Amino acid sequence: MEYGNRQLLAKEGLQDLILAMQALEYMVIGPKIEQEAIVYEEINSLEDLPRGWTDLQTAGTYRIKRRDDDAYFGYVVGPRSLKHYLHPPRQLVATATRDGQRWEFESIENIEQKYAFLGVRACEIAAMRVQDRVFLQGDYVDPLYAKRRESALIVAVNCTMAAPTCFCTSMQTGPRCTDGYDLALTELAEAFVIEAGSDKGEKILRDLPCSPVTTADLEQARKLQQQAVEQISKTMNPVNLREDLLENLNHDRWEETARRCLSCANCTMVCPTCFCSTVEEVVDLSGDNIERRRTWDSCFDIDFSYQNGSIVRNDIRSRYRQWLTHKLATWHDQFDQSGCVGCGRCITWCPVGIDLTEEVAVIREKKCSE
Ligand code: SF4
Ligand code: SF4
């Protein structure tokens, strides 16, 4: 079915959208200020949104700041991405309970909670697709991810501004949302242009207090979207990137970057596509109840590559190289696509400001064989 019928929704109409999603029993997850950052959190009303706030991002820094208008979505992306909900940092996956002489085992495969995500950017939709490839389209399907993903409602927002850390245009993932959403908004000065991208979105849109969109509204939306494109200054050419990295595994740059890298794992935690996890089993004091818990892990953790009594990647050089070459090179071999969507989070949230686009540029500038 073709969608794309655009309408105009007044700013206060956003409250009707939130109520409509709640009436459909979605937990609405949208942007909210928490600990001086704009993050995805449960929101209950328009009042929760970061109206009139923006974010300032550069390599190693993030600040929020008042805007000189009342925009609801006048910021870029925060440290939390959709993976925080679809593939959460901590997840109970199974339990075992002693019943006399026998044990009862139960796998957690059912999730009742369904999420509606409000304010999702184009690069985040692309990142969700990368995680779909990992969790849904391989030999093993993750039932918990599948359940959450299948029931999720995506209300996208087209970016009208970009941070100096964004490079979605290089990775061809944004800044405009082209598909993968149920509803998409573009925030104008006085209203939103809204359009449906699915049957679910169409049904919600039908009951919202919309008015016809004018040519002037559409022109304003186009100009604002173009503004985001023009603000993107960072680039990383993906052509031959896999070869350029894999042919330079002994480049001096890996060692130089290792001297700056703290191996803190921030880049993997904030990355919307990183998916590694570990599993632990926790027994209570009675010894009768065991929980199997899955938590996010990182290739920067020292014991991540522990195998047969030793650690394979026992220095930061090899851990940083593993992360970057997996993300940008061997991800193609594993999943037929890049593991990077150009959101820039790993650049902003790296405490020492390591920027993967600069790393790639330096390696390309002076290849090992030259
Ligand atoms: S590697 Fe960095 S820029 Fe690329 S998707 Fe992950 S966090 Fe975003
Ligand atoms: S690259 Fe930056 S964020 Fe990633 S582990 Fe090193 S210091 Fe931490």
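This is a predicted model, so every value here is computed, not measured.

(A) Region of the structure containing the pairing of strand E6 (residues 90-99). Sheet analysis places E6 next to strand E14 (residues 289-296), joined by seven bridges and oriented antiparallel. From the neighbouring strand, Arg 90 faces E14, where its bridge partner is Thr 295. Summarising the sheet, E6 and strand E7 (residues 102-107) pair through six bridges and their orientation is antiparallel. Its bridge partner being in E7, Thr 95 is matched across the sheet by Glu 106. Connecting E6 to the antiparallel partner E7 that follows it, the hairpin turn spans two residues, and Gly 100 within it adopts a positive phi of roughly 65 degrees.

(B) Molecular detail of the sheet that holds strand E12 (residues 210-212). Read across the open sheet, the eight strands follow the order E3-E2-E8-E9-E10-E11-E1-E12; overall the sheet is mixed. Because the sheet does not close on itself, it has two edges, and the strands there are strand E3 (37-42) and E12. Looking at each pair of strands side by side, their axes are set apart by 30 degrees on average, direction ignored. As paired strands, strand E2 (residues 26-34) and E3 are joined by six bridges and run antiparallel to one another. Among the inter-strand pairings, Gly 30 is bridged to a residue of E3, identified as Glu 41. Against the sheet, helix H1 (residues 13-23) makes contact with strand E1 (6-10), E2, strand E8 (114-120), strand E9 (153-157) and strand E11 (191-196), and its axis sits at roughly 135 degrees relative to E2, the strand it touches most.

(C) Region of the structure containing helix H9 (residues 252-260). Turning to H9, its buried residues number three or more, namely Arg 253, Trp 254 and Thr 257. An end-on view of H9 places all buried positions within 100 degrees of arc, on one side of the element. Exposed and facing more than 90 degrees away from the buried side of H9 are Asp 252 and Arg 259. Packing partners of the buried residues in H9 comprise helix H11 (316-335) and helix H13 (356-365).

(D) Highlighting the domain arrangement of the protein chain. Domain parsing of the protein chain yields domain 1 (6-93 + 113-231) and domain 2 (241-285 + 298-365). The C-alpha centroid of domain 2 is placed 27 Å from the C-alpha centroid of domain 1. At the junction of the two partners, domain 1 supplies 26 residues and domain 2 supplies 23 residues. Counting only elements with at least two residues in the side of domain 1 that touches domain 2, the list comes to helix H3 (122-135) and helix H5 (168-171). A total of eight residues in the side of domain 1 that touches domain 2 trace back to one element, the largest contributor, which is H3. Among the residues forming the side of domain 1 that touches domain 2, the class breakdown is 15 nonpolar, eight polar and three charged.

(E) Focus on the nonpolar core. In terms of nonpolar packing, the biggest core is built from 90 residues, with Ala 116, Phe 117 and Val 155 touching the most fellow members. A domain-level breakdown of this core finds at least three residues from each of domain 1 (6-93 + 113-231) and domain 2 (241-285 + 298-365). Beyond its immediate sequence surroundings of up to four residues, Ala 116 is in contact with Met 21, Tyr 26, Val 28, Ile 29, Leu 153 and Val 155.

(F) Structural context of the site of ligand 2. Near ligand 2 you find Cys 261, Leu 262, Ser 263, Cys 264, Ala 265, Asn 266, Cys 267, Phe 300, Cys 350, Pro 351, Val 352 and Ile 354, and these make up its full shell. Of the residues that constitute the shell around ligand 2, the class distribution is ten nonpolar, two polar and no charged.

(G) Spotlight on the sheet that holds E7. With antiparallel pairing, the four strands of this open sheet are ordered in space as E7-E6-E14-E13. Edge strands, defined here as strands with exactly one partner in the open sheet, are E7 and strand E13 (277-283). For this sheet, the mean inter-axis angle between neighbouring strands, taken without regard to orientation, is 20 degrees.

(H) Just the site of ligand 1, in detail. Surrounding ligand 1, one finds 13 residues, the nearest of these being Cys 271, Cys 340, Cys 343, Arg 345 and Cys 346. Taken together, the residues of the shell around ligand 1 sort by class into eight nonpolar, three polar and two charged.

(I) Quick peek at the packing of H9 against H11. Close contact between H9 and H11 brings their axes to 8 Å; oriented N to C, the two are set at 110 degrees. Classified by the interaxial angle, the pair formed by H9 and H11 is roughly perpendicular. Taking contact as the criterion, the partners of Trp 254, Glu 255, Thr 257 and Ala 258 in H9 are, on H11, Ile 316, Arg 317, Tyr 320 and Arg 321. A class-by-class count of the residues in the contact of H9 with H11 yields four nonpolar, one polar and three charged.

(J) Local environment of the environment of Pro 164. By secondary structure assignment, the location of Pro 164 is in the loop between E9 and H5. When the C-alpha atoms of Pro 164 and Ser 233 are compared, they prove to be 6.4 Å apart, with 69 residues separating the residues in sequence. For Pro 164, the residues in contact, after removing those within four places along its chain, are Gln 57, Thr 58, Ser 233 and Lys 234.

What counts, and where the lines are drawn
Residues numbered from 1 in each chain as written. Chains lettered and ligands numbered in written order. Predicted model: local features only at pLDDT ≥ 70, side-chain atom pairs only at ≥ 80, totals over all residues. Pairing = 2+ DSSP bridges. Helix = DSSP H or I, 4+ residues; strand = E, 2+ residues; numbered from the N terminus. Axes fitted to C-alpha atoms, helices over the stretch in contact; angles between N-to-C directions. Contact = placed C-beta atoms within 7 Å. Buried ≥ 20, exposed ≤ 12 C-beta atoms within 10 Å, placed from the backbone. Arc of directions from axis to C-beta. Domains from an automatic or database assignment. Nonpolar A, V, L, I, M, F, W, Y, C, P; charged D, E, K, R; others polar. Core = buried A, V, L, I, M, F, W, Y, C linked by C-beta atoms within 7 Å. Near = placed C-beta within 6 Å. Parallel < 35°, antiparallel > 145°, perpendicular 65-115°, else oblique.

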